[in-house]
Amino acid sequence: MKKVVKFGGSSLADSEQFKKAAAIIRAEDSRVYAVPSAPGKRFSGDRKVTDLLLDAYAAAADGKSFDGILGKIEARYKEICEGLGIGDFDLGSDFAEIAGSLKENPKRDFTASRGEYLNGKILARCLGWEFIDAKDVIFFDEDGRFDPEKTNSVLKARLDKTPQAVIPGFYGCAADGSVKTFSRGGSDITGSIVARAANADVYENWTDVSGFMVADPRIVNDPQSIDVITYRELRELSYMGASVLHEEAIFPVRKAGIPINIRNTNDPAAPGTWIVESTAHQPKFTITGIAGKKDFCSVLISKALMNSEIGFYERVANAFADNGISIEHMPSGIDTMTVVVHESEFLEKEQRVISELNRRCHPDNIEIDSDLALIAVVGRGMKNTRGTAGRIFSALAHAHVNVRMIDQGSSELNIIIAVANDDFETAIRAIYDIFVTTQL
């Protein structure tokens, strides 16, 4: 058994959290590679180290003093080292390098990556493991895109001769040799990359929650946890706003057939959530999860005999694409189709898009509806359960929520509904209640 473990920022926010992480790693000999994030918030109102580093970069880029900010960061690391009993561990040369870079040639990605880099060095010292700089083993191509095959080849060769190691998350090496970061939350991606290269049996992702919940706990009080979820279900929920795991972290391990186990650093005995390719495990409820996002627009295009016009859908899609607007959903009927887009992308360009639609498609009518929220009801159990959509409508009607749109794919894995922004939370609670609380 070989496991890769990734610890999020809240799990490494201070020395006490570091001790918990180290204890978790030492508890099983199978945990042989660790991927740390930068220190997160220690308490409400605290700042993440990455945010402080970006503040230092912004100050340097504006020609302002960054000494005070960098001093706070250095004090934070000193506190962590002293709390771990390694106060003699010298990071002075690393902070001198950061300061030198900020003075001479401030680089955003390099500066932002130093939180993970320093945490990686500290964790490696605590465990007595080898430290591998992610810049030496994770690569991006000339277009700035992650290079999975080069990375896998180089990283695998390095891990094959390194039985235990710490590889910091969030960054790698650009084509020109400089440091390049993933998007925020990218340490999840690094953990997945390392798991693939190590041919791990499990990728454990340790955070501050005991896995995925059926619904957002900020909306539903004390929601049920999800024991097992498939990659397809996770992809649907992540896309619609569920944020326990960076959605791009799915792909490297899915390709290698490696399951992910989401665990809680503060409750290591909890089994968490297993994310797998497929499973015979029956879900506790008809649905696996509910997630959603606000602030969408819908553009309803009507035209008689639309379905008989070859290329009609393509012309509609191009009217949006040529204006740099991504289409989120496109449910349709025989003579109608609805294009759902992000309101923030659409509003400034709406008249250009409408003009393009009229010029290219000659519709009978175009109607725009705004201030919409999309909610995804996801679950592999829905395929074999009759009346799922009817139960959703019933729950929403009982809660006095008007459904503005419904879109169900042929896979029967998810149902997308649109409601008014103001009804978003009410709708999620109503759906949760009928499928989970009452299990009608």
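Within each chain, residues carry numbers counting from 1 in the order of the written sequence. The predicted origin of the model limits local features to residues at a pLDDT of at least 70 and limits the giving and counting of side-chain atom pairs to 80 or more, whereas totals for whole chains, interfaces and linings rest on all residues. The side-chain values count all of the structure's non-hydrogen atoms but skip hydrogen atoms and water molecules.

Enquirer: Got a minute to help me understand the overall build of the protein chain in this structure?
Expert: The way it works is that DSSP assigns letters per residue, a run of H or I at least four long becomes a helix, a run of E at least two long becomes a strand, and they are numbered from the N terminus. When helices and strands are tallied, the protein chain shows 14 helices and 16 strands. Overall size of the protein chain, expressed as C-alpha extent along the three principal axes, is 75 × 50 × 40 Å. Counting over 440 residues, the protein chain shows a buried share of 52%. The contacts in the protein chain between residues at least 6 apart in sequence include a share of 74% that link residues at least 24 apart. Here the term buried applies to any residue with accessible area under 20% of the maximum for its type, exposed to any over 50%, and partly exposed to those in between, with areas from a 1.4 Å probe on protein chains only. Two residues qualify as a contact provided that any one of their heavy atoms is within 4.5 Å of a heavy atom in the partner residue.

Enquirer: How should I be thinking about the pairing of strand 7 (residues 202-207) in this particular structure?
Expert: Residues in a regular strand project their side chains so that they alternate between the two faces of the sheet. Burial within strand 7 is extensive, with 6 of its 6 residues counted as buried. Both faces of strand 7 are covered, namely the face carrying Val202, Glu204 and Trp206 and the face carrying Tyr203, Asn205 and Thr207. Each pair of strands is called paired provided DSSP finds at least two bridges between the two strands. Alignment of strand 1 (residues 3-7) against strand 7, held across 5 bridges, turns out to be parallel. Paired with valine 5 across the bridge in strand 7 is glutamate 204. Where strand 7 meets strand 9 (residues 260-264), 5 bridges bridge the pair, whose relative direction is parallel.

Enquirer: How do you make sense of the sheet that holds strand 16 (residues 414-420) when you look at a structure like this?
Expert: Sheet strands line up and pair through hydrogen bonds in the backbone, either parallel or antiparallel. The antiparallel open sheet is built from 6 strands, whose spatial order is 12-13-11-14-16-15. Every interior strand has two partners, whereas the edge strands, strand 12 (327-329) and strand 15 (405-408), have only one. Averaged over all pairs of adjacent strands, the angle between their axes in this sheet comes to 40°, without regard to strand direction. Across 7 bridges, the pairing between strand 11 (residues 289-302) and strand 13 (residues 336-342) is antiparallel. Across the sheet, the residue bridging to serine 302 is threonine 336, located in strand 13. Simply put, an axis is a line fit to the C-alpha atoms, just over the touching stretch for a helix, and the angle between two N-to-C directions goes from 0 to 180 degrees. Relative to the sheet, helix 12 (residues 350-361) contacts strand 11 and strand 14 (365-378), its axis offset from that of strand 14 by approximately 110°.

Enquirer: So what exactly am I meant to see when it comes to the pattern of salt bridges here?
Expert: A pair can form between side chains of opposite charge whenever their charged atoms are brought close. Take a side-chain nitrogen of Lys or Arg and a carboxyl oxygen of Asp or Glu: if they are within 4 Å of each other, that pair is a salt bridge. Evaluation of the coordinates by the stated rule reveals 29 salt bridges. Across the salt bridge formed by aspartate 55 and arginine 47, the nearest N and O atoms sit 2.8 Å from each other. By relative accessible area, which is 30% here, aspartate 55 ends up partly exposed. Its relative accessible area of 35% is what places arginine 47 among the partly exposed residues. Among the salt bridges present, the one from glutamate 204 reaches arginine 263, with a minimum N-O distance of 3.6 Å. Here the residue glutamate 204 occupies a position in strand 7, and arginine 263 occupies one in strand 9, the gap between them amounting to 59 residues.

Enquirer: Would you take a moment to explain the layout of surface pockets for this structure?
Expert: To find leftover empty space, a probe the size of one water molecule is rolled over the atoms. Taken as a whole, the second largest pocket holds about 400 Å³ of empty space. In the cavity and pocket records, a cavity denotes points on a 1 Å grid over the protein atoms alone where a 1.4 Å probe fits but cannot get out, a pocket denotes an open set with protein on both sides within 12 Å along at least 5 of 7 lines, and lining residues are residues with an atom within 4 Å of a point. Taken together, 20 residues make up the lining of the second largest pocket; nearest its centre are Thr279, Arg380, Gly381, Lys383 and Asn384. Classification used: nonpolar for Ala, Val, Leu, Ile, Met, Phe, Trp, Tyr, Cys and Pro, charged for Asp, Glu, Lys and Arg, polar for all others including Gly. Broken down by class, the residue content of the lining of the second largest pocket amounts to 4 nonpolar, 11 polar and 5 charged. Grid points are joined across faces, edges and corners, and a volume is the space filled by probe spheres set on the points.

Enquirer: How should I be thinking about the packing of helix 2 (residues 49-61) against helix 3 (residues 67-83) in this particular structure?
Expert: Two quantities define a packed helix pair, namely the angle between the helix axes and the distance between the axes. One way to put it is that helix 2 packs onto helix 3 with a least axis distance of 9 Å and a crossing angle of 155°. It follows that helix 2 is roughly antiparallel to helix 3 by the angle criterion. You can see that helix 2 and helix 3 cross each other, and the crossing is left-handed. Mapping the contact onto sequence places Val49, Leu52, Leu53, Asp55, Ala56 and Ala59 in helix 2 and Ile69, Ile73, Arg76 and Tyr77 in helix 3. Of the residues in the contact of helix 2 with helix 3, the class split is 8 nonpolar, no polar and 2 charged. Roughly parallel here means an angle under 35 degrees, roughly antiparallel means over 145, roughly perpendicular means 65 to 115, and every remaining angle is called oblique. In a left-handed crossing the near helix is turned counterclockwise from the far helix by less than a right angle, and in a right-handed crossing that turn is clockwise.

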